[in-house]
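# Descriptive analysis of the structure
Listed here are the chains, written in short residue letters.
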Amino acid sequence: MIGQHRLILEPREVPLGGVRGMNVLRALPHRNLPTIGAWCFLDRFGPADTRMRVEPHPHIGLQTVTWPLVGEIRHRDSLGSDADLRRGQLNLMTAGNGISHSEYSIGEEPIPLDALQFWVVLPESARHGAAGFERHTALPGVTLPAVDGADAAATVVLGEFAGATSPATVHTPIVGAEIVVPAGTAVHLPLRADWEHGIMLVEGAATVAEHPLTLNDTLYLGDSRESVEVSSAEGALLFLLGGEPFEDEIVMWWNFAGRTHDEIAAARADWEAASARFGEVEGHDVRIPAPPLPDVRLMPRGRRI
């Protein structure tokens, strides 16, 4: 067991680089914490008026989870998927041994855009498998009875929470849920004591486990909790993520999640060589080149807590 914690993961501004030309707020991976369950990456892009143009780029060994808050995003990938995504809908792409995709905002002019994007690292049983794409427009909702004030509500985006299960495909025991807490409400969120959890404040103001959160902070809770109290005087939108602690050490570099330096280097070489491994995304004549590998061997990011 990991034990209970209250560690704030303050996001840092990160340029996406290449020809993407966007800055995002990144909370995960953290220097002390590479994963929460199998969640290995958490970005927020927005809120901003922007023209999003993320050209084709590759992935291995992970799932991308796109959860829009404002605006519409068009997803295209090397499987031939072409899907628009808006608030309340989920895009889930499984990279397996290799996939490439692009993400564009809808239209040619800047639009209001805000979204969360996560990666989920795949276990050994799935990371060399076939790629896949799912779009879910109907996700289960749960009412959370309030201790004080009005009841809160949750949308189960991935995995299971409070007796409800998302239809999206998962490969490890996991939870991803959006939580809406009305103004003047206190509520207990049910948790699994054998899983670790984190909670991100997306909008409003909230206190979690007696700890006031700042916008875009993620509070890491560790495991060994059967519930956590969340309260909000003005109302809040939060995202709960967690799951069974991921035991494998992973090597993350650029858009790849692997286990060794050589595995990452081979994926980079395949992308630069336009290998059939990553396919092609139709409708594009530009793709993002891979950055150079560092001069040292890539090593797993260890957990320090």
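Refer to the structure presented above.
Description of the structure in this document.

What counts and how
Residues numbered from 1 in each chain as written. Predicted model: local features only at pLDDT ≥ 70, side-chain atom pairs only at ≥ 80, totals over all residues. Heavy atoms only, no water. Helix = DSSP H or I, 4+ residues; strand = E, 2+ residues; numbered from the N terminus. Rg over C-alpha atoms; globule rule 2.2 N^0.38 Å. Lys, Arg positive; Asp, Glu negative; His and termini not counted. Charge placed at Lys NZ, Arg CZ, Asp CG, Glu CD. Salt bridge = Lys/Arg side-chain N within 4 Å of Asp/Glu carboxyl O. Buried < 20%, exposed > 50% of the residue type's maximum accessible area, 1.4 Å probe, protein only. Pairing = 2+ DSSP bridges. Axes fitted to C-alpha atoms, helices over the stretch in contact; angles between N-to-C directions. Contact = heavy atoms within 4.5 Å. Polar contact = N/O pair within 3.5 Å; in protein donor to acceptor, adjacent residues only side chain to side chain. Core = buried A, V, L, I, M, F, W, Y, C linked by side-chain atoms within 4.5 Å.

### Quick notes on the overall build of the chain
When helices and strands are tallied, the chain shows 1 helix and 26 strands. Relative to the 2.2 N^0.38 estimate, which gives 19 Å for 305 residues, the radius of gyration of the chain is 19 Å and therefore close to what a compact globule would have. C-alpha atoms of the chain, sized along the principal axes, occupy 60 × 45 × 30 Å. Taken as two groups, the 24 positive and 40 negative side-chain charges of the chain have centres that lie 5 Å from each other.

### Examining the pattern of salt bridges
Counted by the stated rule, this structure contains 14 salt bridges. Across the pair Arg74 and Asp82 runs a salt bridge, and its minimum N-O distance is 2.7 Å. By relative accessible area, which is 29% here, Arg74 ends up partly exposed. As a salt-bridge pair, Arg303 and Glu196 come within 3.0 Å of each other at their nearest N and O atoms. Taken as a pair, Arg303 in the segment after helix 1 (261-272) and Glu196 in strand 19 (residues 196-204) lie far apart in primary sequence, 107 residues in all.

### Concerning the sheet that holds strand 5 (residues 53-59)
Judged by pairing direction, the sheet is antiparallel, and its 4 strands sit side by side in the order 5-10-7-8 without closing on themselves. With partners counted over all chains shown, the strands left at the sheet margins are strand 5 and strand 8 (82-85), one partner each. Geometrically, the sheet is characterised by an average inter-axis angle of 20° between neighbouring strands, direction not taken into account. Two elements, strand 7 (residues 73-77) and strand 10 (residues 99-105), share 5 bridges in a ladder whose sense is antiparallel. Across the sheet, Ile73 pairs through a bridge with Ser105, a residue of strand 10.

### Details of the environment of Leu116
Following the sequence through the fold, Leu116 ends up in strand 11 (residues 111-121). Residue Leu116 is classed as buried on the basis of its relative accessible area of 0%. Sequence separation of Leu116 and Val202 is 86 residues, and the distance between their C-alpha atoms is 9.1 Å. With near-sequence residues (within four places) excluded, Leu116 lies in contact with Asp43, Arg44, Val65, Thr66, Trp67, Leu69, Met200, Val202 and Phe239.

### Brief notes about the environment of Ala83
In this fold, Ala83 is placed in strand 8. Residues within four places of Ala83 in sequence aside, it is in contact with Ile73, Arg74, His75, Phe133 and Arg135.

### Here we look at unusual backbone geometry
In this model, Leu28 is joined to Pro29 through a cis peptide bond whose omega is 5°. Here the bond from Gly46 into Pro47 is cis, since omega is 0°, no more than 30 degrees from zero. Relative to the assigned elements, Pro47 resides in strand 4 (residues 39-50). If you check the backbone angles, Ser224 has positive phi at about 65° while not being a glycine. Tracing the backbone through its elements, the reader meets Ser224 in the loop between strand 22 (218-222) and strand 23 (227-232). The class for Ser224 is partly exposed, based on a relative accessible area of 32%. Despite not being glycine, Trp254 shows a phi value in the positive range, around 55°. With respect to the helices and strands, Trp254 occurs in the loop between strand 25 (251-253) and strand 26 (256-258).

### Examining the side chain of His261
Note on placement: His261 falls in helix 1. One polar contact links the side chain of His261 to the main-chain amide nitrogen of Leu298, over a distance of 2.9 Å. In this view, His261 contacts Val296, Arg297 and Leu298; residues no more than four positions away in its chain are not counted.

### Description of the nonpolar core
Trp39, Val65, Trp67, Leu90, Leu116 and Leu158 are the most contacted members of the largest nonpolar core, which has 36 residues in total. Put simply, the parts of the chain that give this core at least two residues each are strand 3 (23-28), strand 4, strand 6 (62-70), strand 9 (90-94), strand 11, strand 15 (152-161), strand 19 and strand 24 (236-243). Broken down by element, the residue count for this core peaks at 5 residues, all from strand 11. Once residues within four sequence positions are removed from consideration, Leu90 is found in contact with Val65, Thr66, Trp67, Leu85, Glu134, Arg135, His136, Leu139, Val157 and Ala168.

### Notes on the sheet that holds strand 18 (residues 185-190)
Pairing is antiparallel across the open sheet formed by 5 strands, whose spatial order is 14-18-23-20-21. Whereas interior strands pair on both sides, the edge strands pair on one side only; in this sheet they are strand 14 (146-148) and strand 21 (211-213). The average angle at which neighbouring strand axes cross in this sheet is 30°, direction not considered. As judged from the 2 bridges shared by strand 14 and strand 18, these two strands associate in the antiparallel manner. Each bridged residue has a counterpart across the sheet, and for Ala146 the counterpart in strand 18 is Val187.

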